[in-house]
Amino acid sequence: MSEQVKFTIDGKACKTQKGTNLVEAAKENGIYIPVLCHLEGIKPAGSCRICNVKVNGRFMTACTTEVSDGMVIENITPEIQELRKIIVETLFVSGNHFCPACEKSGNCELQALGYRYQMMVPRFPYEFEEKEVDATSQKFYIDRNRCVLCKRCVRSVKTKDGKSIFAILGRGHQAVINIDHELANQLSDEEAQEVMNTCPVGSILKKERGYVDPIGSRKYDNKPIGSEIEQITNL
Amino acid sequence: MSKPIVATTSLAGCFGCHMSLLDIDDRILQLIDLVDFNKSPVDDIKEFTEMCDIGLIEGGCCNSENVHVLKDFRKNCKVLVSVGECAIMGGLPALRNNIPIKECLEEAYLNGPSTKNANPERIMPNNEELPIILDKVYPCHEIVKIDYYLPGCPPRADLIWNALIALVTGDELKLPYEVVKFD
């Protein structure tokens, strides 16, 4: 049996198995730490920084930090909440996020974080940078206007023999998600739907699907993101 | 004491936000007890006749007339509220922001499916009476100072109602989860 470790989150005593990352450990103890690039079951990347917490007084990304005995973690403080809100706002202005015209609206994790942190308007100017849409694949649209470069698709979508279907093309400011059309075309419709669900935003959309769920019955219409783990008491 | 005065306008919008204001249903009777309207499409008053307390702005700025009207609102309203996605971030009209203006005009007047055979003289509207189209669609707060923002496409009627009541009464704005949406 593996070793138990004890730690605190905002003063609440918690415990988990040694080796668990902070996001999962918090979840086991009924505490929500927001994530955008992290996906349960794949190796954490720590690229979006939305899961920032303070560990023993220092900022760390919760998804890439293994919990250890005696850790003192701050999750909900005005400083951390404001930082998370700023991250959401920068993502909204650096892409072209036209929520009313997006099929993912209502089921989008970035939008849901905007709701959770009550973003009424980003404090930064919109960039309106030109980005390309690739609609040549049989199963998907890749809309880079909405991509937040979380790399969930790159890290998690593989063929049965382990080949990647998505990859990053270019570096730094020019980095975009690219798709291997040949491999993508071999996916079944169910697999294609799973790939779409992997994308936290509306960047990878399954073709021939459209607006499936009516407004009011979508995932984040009535319940904030994270409410399956923890009721919001203090936004 | 006289009632607070509200002015409204639709810039580069679709009037959906004004429709949503009307969507407060029978509370509109309470609203006319609470406030007076000045310049607004609701009462068809075309020019400001007095200083207003609250200006509701629908739509972003896509041409010189929008900018003129918005600056006029800033001058004549104590509090300006951006209502809806278009006022806040340009909205659907801002989908053109990455397309050169020449291409947009050519598509609209020369090459579009509904115009390519209907405009043999290849005329593009270009009269000094017409407002000049801007290089891109601007959010209102990039043109003038905006005091409050009500997101949504359109903002839910309850959000507009709650915001108006909060502004008029000075009470804290109620923001239940269901009313703040970006679509």
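Preceding block: the structure.
### Digging into the overall build of chain A
Phase 1: Of regular secondary structure, chain A possesses six helices and 10 strands.
Phase 2: Against the globule reference of 18 Å for 235 residues, chain A gives a C-alpha radius of gyration of 18 Å, in line with a compact fold.
Phase 3: Seen along its three principal axes, the alpha-carbon backbone of chain A occupies a region of about 50 × 45 × 35 Å.
Phase 4: Residues classed as buried in chain A amount to 39% of the 235 residues present.
Phase 5: Partitioning the intrachain contacts of chain A with sequence separation of at least 6 by distance along the chain shows that 65% fall at a separation of at least 24.

### Observations regarding the nonpolar core
Most often, soluble globular proteins have nonpolar side chains that are buried together.
Phase 1: Counting residues in hydrophobic clusters, the biggest one holds 52 residues, and the most contacted among them are L22, I33 and L36 of chain A.
Phase 2: Counting only elements with at least two residues in this core, the list comes to strand 1 (4-9), helix 1 (22-28), helix 2 (78-94), helix 3 (109-116), strand 7 (140-143), strand 9 (176-179), helix 6 (189-198) and strand 10 (204-206) of chain A.
Phase 3: Once residues within four sequence positions are removed from consideration, L22 of chain A is found in contact with I33, V53, A62, T65, V67 and I73 of chain A.
Phase 4: Within the second largest apolar cluster, 38 residues are counted, among which are A12, C62, L150 and A163 of chain B.

### Describing the sheet that holds strand 3 (residues 52-58) of chain B
Residues and elements named next belong to chain B.
Phase 1: One open sheet accounts for five strands, arranged 2-1-3-5-7; its pairing is parallel. Looking along the sheet, the strands with just one partner apiece sit at the ends: strand 2 (36-37) and strand 7 (148-150).
Phase 2: By the bridge criterion, two bridges tie strand 1 (residues 5-10) to strand 2 in an arrangement that is parallel. Following the sheet pairing, V6 is matched in strand 2 by F37.
Phase 3: Sheet strands in contact with helix 3 (residues 64-76) are strand 1, strand 3 and strand 5 (77-83), and its direction is about 135° off that of strand 5.
Phase 4: Across the sheet, helix 6 (residues 157-169) touches strand 3, strand 5 and strand 7, and the angle it forms with strand 7 is around 155°.

### Side note on helix 6 of chain A
In an α-helix, one full turn covers 3.6 residues, which means residues spaced three or four apart are oriented alike.
Residues and elements named next belong to chain A.
Phase 1: Along helix 6, the residues that are buried comprise A192, V195 and M196. Down the axis, helix 6 shows its buried residues gathered within 100° of arc, on one side only. Exposed positions of helix 6 whose direction lies more than 90 degrees from the buried face are E190 and N197.
Phase 2: On the buried face of helix 6, the contacting elements are strand 7, helix 4 (152-156) and strand 10.

### Regarding the pairing of strand 9 of chain A
All names here are of chain A.
Phase 1: Going residue by residue along strand 9, you find I177 and I179 tucked away on one face and V176 and N178 left uncovered on the opposite face.
Phase 2: Looking at chain direction, strand 8 (residues 166-169) and strand 9 are connected through four bridges and run antiparallel. The partner of I168 across the bridge, within strand 9, is I177.
Phase 3: Hairpin remark: strand 8 followed by strand 9, antiparallel, with six residues in the connecting loop; positive phi at G170, about 85°.

Cut-offs applied
- Residues numbered from 1 in each chain as written.
- Chains lettered and ligands numbered in written order.
- Predicted model: local features only at pLDDT ≥ 70, side-chain atom pairs only at ≥ 80, totals over all residues.
- Helix = DSSP H or I, 4+ residues; strand = E, 2+ residues; numbered from the N terminus.
- Rg over C-alpha atoms; globule rule 2.2 N^0.38 Å.
- Buried ≥ 20, exposed ≤ 12 C-beta atoms within 10 Å, placed from the backbone.
- Contact = placed C-beta atoms within 7 Å.
- Core = buried A, V, L, I, M, F, W, Y, C linked by C-beta atoms within 7 Å.
- Pairing = 2+ DSSP bridges.
- Axes fitted to C-alpha atoms, helices over the stretch in contact; angles between N-to-C directions.
- Arc of directions from axis to C-beta.

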